[in-house]
Amino acid sequence: MHAIAERASEYSHPAFMDAAHTAAAPYLTVVIPVLNEAENLPILAERLTDALEKLGRTYEIIIIDDGSRDASFTILTDLARTNPHLRVVRLRRNFGQTAAFSAGFDRARGEVVVTLDADLQNDPADIGMLLERIDAGYDVVSGWRAHRQDPFLNRRLPSIIANWIISRVTGVHLHDFGCSLKAYRTEVLSEIRLYGELHRFIPAIASWQGVAVTELPVHHAPRQFGKSKYGIGRTLRVILDLITIRFLLSYGTRPMQIFGLFGLILSGLGMLTGVYLTYTKLVYNESIGNRPLLLLAVLLIVVGMQLISMGLVGELVVRTYYETQSKPIYVVREEIGGEASS
Ligand code: UDP
Ligand code: MG
């Protein structure tokens, strides 16, 4: 609860005090990224309002126009005029879905944030189901498109493989990291900075904080209007992001431990090879100048030293990162007694 209070005070900063923010904070914030979804938006708004009104909880909708070049923004402006719950944020250009989510999270005032796609592939009627799980005590509820309506070869198959690898590497076992329909307790999001294609890894990053993550089968419809913004190329980018995540989760605060280890092993091997070559030269008087092994020894030592220096530079970067932002290297759940309550 502390984190929420802190966020609320953050938003009472004059820069954030526009009309939408003077009202009491709602329970739920729905965040939706939009890139060229003109035909979908009116239907989306209608279904969303239907679903949200049924829940009987206070809510706000934040739609991020991520640099659309069709009529999306005009349509959103019209919708916002008649719908007091709707807030539209227009980015200057296309920054990508992760950045769009991030813009939404920064503005979310609800206790719970739900994300979904604007293309009607996710069903707003599922939101209630996710919220029940949040009520049951989970911090992150991830949708699982159990009957995914996308082409098999270039979408579902790569996704199955990617999800398997991501589960393996992160240790968070979900069937469908890529599903946008997810619900989060807001304080979980406030600890997370997003880059690259990282939005799909939020459950994995969050689990590092020690929060409870679960998944829930949700509906999925084929795309009717507009085009998918992604192709097979995304799989590669996701895999690269995965390497980053794995690194940050295990060695983010101690890069020397991994770079230094490999550096020591490599330069150690190089030195041993060098000692062996010197020995044959001195004792048996063999010529070693034209031996491939000599090249290998030099290579191993140089690369090893480089890795060790990279580890050292990494340590400096980490210190700068945490200390300039006064960022703790831990996450507190709650504090009781003593000075904590004052
Ligand atoms: N999107 C976005 N910025 C982008 C790409 C996509 O805001 O650079 C939005 C898009 O409008 C949609 C959601 O992200 O609401 C998911 O995109 P899409 O449906 O193309 O992905 P898919 O469902 O095919 O994986
Ligand atoms: Mg889609």
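Calculation rules
Residues numbered from 1 in each chain as written. Chains lettered and ligands numbered in written order. Predicted model: local features only at pLDDT ≥ 70, side-chain atom pairs only at ≥ 80, totals over all residues. Heavy atoms only, no water. Patch = residues over 30% accessible without salt bridge, like charges linked within 9 Å, V, L, I, M, F, W, Y side chains within 5 Å. Areas by Shrake-Rupley, 256 points an atom, 1.4 Å probe, with all protein chains shown as cover. Salt bridge = Lys/Arg side-chain N within 4 Å of Asp/Glu carboxyl O. Helix = DSSP H or I, 4+ residues; strand = E, 2+ residues; numbered from the N terminus. Buried < 20%, exposed > 50% of the residue type's maximum accessible area, 1.4 Å probe, protein only. Near = heavy atom within 4 Å. Polar contact = N/O pair within 3.5 Å; in protein donor to acceptor, adjacent residues only side chain to side chain. Nonpolar A, V, L, I, M, F, W, Y, C, P; charged D, E, K, R; others polar. Donors = N, O, S within 2.8 Å, 3.2 Å for Na, K, Ca; no water. Phe/Tyr/Trp six-rings, centres within 6.5 Å; stacked < 30°, edge-to-face > 60°. Core = buried A, V, L, I, M, F, W, Y, C linked by side-chain atoms within 4.5 Å. Contact = heavy atoms within 4.5 Å. Lys, Arg positive; Asp, Glu negative; His and termini not counted. pLDDT = per-residue confidence, 0-100. Pairing = 2+ DSSP bridges. Axes fitted to C-alpha atoms, helices over the stretch in contact; angles between N-to-C directions. Arc of directions from axis to C-beta.

1. Considering a nonpolar patch on the surface
Now for step 1: A surface patch of nonpolar side chains, about 480 Å² in accessible area, is lined by Phe152, Leu153, Leu157, Ile160 and Ile161.
Now for step 2: Inspection of the secondary structure assignment puts leucine 157 in helix H7 (residues 152-170).
Now for step 3: Among the residues examined, leucine 157 registers a relative accessible area of 33% and is labelled partly exposed.

2. A look at the pattern of salt bridges
Now for step 1: Across all of its chains, the model carries 13 salt bridges by this definition.
Now for step 2: With a closest N to O distance of 3.2 Å, aspartate 119 and arginine 223 form a salt bridge. Taken together, the residues aspartate 119 in the loop between strand S4 (112-115) and helix H6 (127-135) and arginine 223 in the loop between strand S7 (213-218) and helix H10 (233-251) connect sequence positions 104 residues apart.
Now for step 3: What emerges from the salt-bridge pattern is a single network uniting Glu37, Asp119, Arg223 and Lys229.

3. A few points about the site of ligand 1
Now for step 1: In the region of ligand 1, 18 residues are neighbours, and Glu37, Asp66, Asp119, Ser228 and Lys229 sit closest.
Now for step 2: At a separation of 2.6 Å, an oxygen atom of ligand 1 approaches a polar side-chain atom of glutamate 37.
Now for step 3: Looking at the shell around ligand 1 residue by residue, the class counts come to five nonpolar, five polar and eight charged.

4. Structural notes on the coordination of the magnesium ion (ligand 2)
Now for step 1: Asp119 (OD) and Gln121 (OE1) make up the full set of protein donors to the magnesium ion (ligand 2), lying at 1.9 Å. Both residues of the pair, aspartate 119 and glutamine 121, count as buried.

5. As for unusual backbone geometry
If a residue is not glycine, its phi is most likely negative; likewise, a peptide bond is most likely trans.
Now for step 1: A positive phi angle is found at leucine 120, which is not glycine, with a value near 70°.
Now for step 2: The topology assignment puts leucine 120 in the loop between S4 and H6.
Now for step 3: For leucine 120, a relative accessible area of 8% translates into the label buried.
Now for step 4: Located in the positive-phi region is asparagine 285, a residue other than glycine, with phi close to 60°.
Now for step 5: Relative to the assigned elements, asparagine 285 resides in the loop between helix H11 (255-284) and helix H12 (292-324).
Now for step 6: According to the relative accessible area criterion, asparagine 285 is exposed, its value standing at 62%.

6. Some details on the packing of aromatic side chains
The description of an aromatic ring pair rests on the distance of the ring centres and on the angle between the ring planes.
Now for step 1: For the coordinates displayed, the defined rule picks out five aromatic pairs.
Now for step 2: On the numbers, 6.0 Å between centres and 15° between planes, the contact of phenylalanine 101 with phenylalanine 105 is stacked. Pair noted here: phenylalanine 101 and phenylalanine 105 are both in helix H5 (residues 97-107), with a separation of four residues, about one helical turn. With respect to burial, phenylalanine 101 and phenylalanine 105 carry one shared label: buried.
Now for step 3: Between the aromatic rings of tyrosine 321 and tyrosine 322, the centroid separation amounts to 4.8 Å while the plane-to-plane angle is 85°, which identifies the pairing as edge-to-face.

7. A closer look at the nonpolar core
Now for step 1: Counting residues in each nonpolar core, the largest one holds 31 residues, and the members touching the most others are Leu28, Ile32, Leu48, Leu52, Ile61, Ile127 and Leu181.
Now for step 2: Sorting the residues of this core by element identifies strand S1 (28-34), helix H3 (40-55), strand S2 (59-65), helix H4 (72-82), S4, H6 and S7 as the ones contributing at least two each.
Now for step 3: Excluding residues within four positions of it along the chain, leucine 48 makes contact with Val30, Ile32, Ile61, Leu116, Pro124 and Ile127.
Now for step 4: Val31, Val140, Leu174 and Phe201 belong to the second-largest nonpolar core, a separate cluster that totals 25 residues.

8. Describing the side chain of arginine 234
Now for step 1: Mapped onto the secondary structure, arginine 234 falls in helix H10.
Now for step 2: There is no salt bridge for the buried arginine 234, and the closest opposite charge comes from glutamate 197, which lies 5.1 Å off by N-O distance.

9. Focus: the confidence of the model for the protein
Now for step 1: Overall, the prediction assigns the protein a mean pLDDT of 90, with 92% of residues at 70 or greater.
Now for step 2: Contacts of residues 1-21 to residues separated by more than four positions or lying in other chains number 25 contacts, the stretch itself having pLDDT below 50.

10. Description of the sheet that holds strand S5 (residues 140-145)
Now for step 1: In space, the seven strands of this open sheet follow the order S3-S2-S1-S4-S6-S5-S7, with mixed pairing throughout. Edge positions in the sheet fall to strand S3 (86-90) and S7, since each of these pairs with one other strand and no more. Across this sheet, the average inter-strand angle for adjacent strands is 20°, counted without regard to direction.
Now for step 2: Two elements, S5 and strand S6 (residues 182-185), share three bridges in a ladder whose sense is antiparallel. Counted as the bridge partner of valine 141 is alanine 183 from S6.
Now for step 3: Across the sheet, H4 lies against S1, S2 and S3, angled at about 150° from S3, the strand it touches most.

11. A word on H6
Now for step 1: Residues Ile127, Gly128, Leu130, Leu131 and Ile134 constitute the buried set of H6. The buried residues of H6 all sit within an arc of 160° when viewed along its axis, so they share a single face.
Now for step 2: Where the residues of H6 are buried, they touch S1, H3, S4, S5, S6 and S7.
Now for step 3: Positive backbone phi, at 115°, marks glycine 137, one or two positions downstream of H6.

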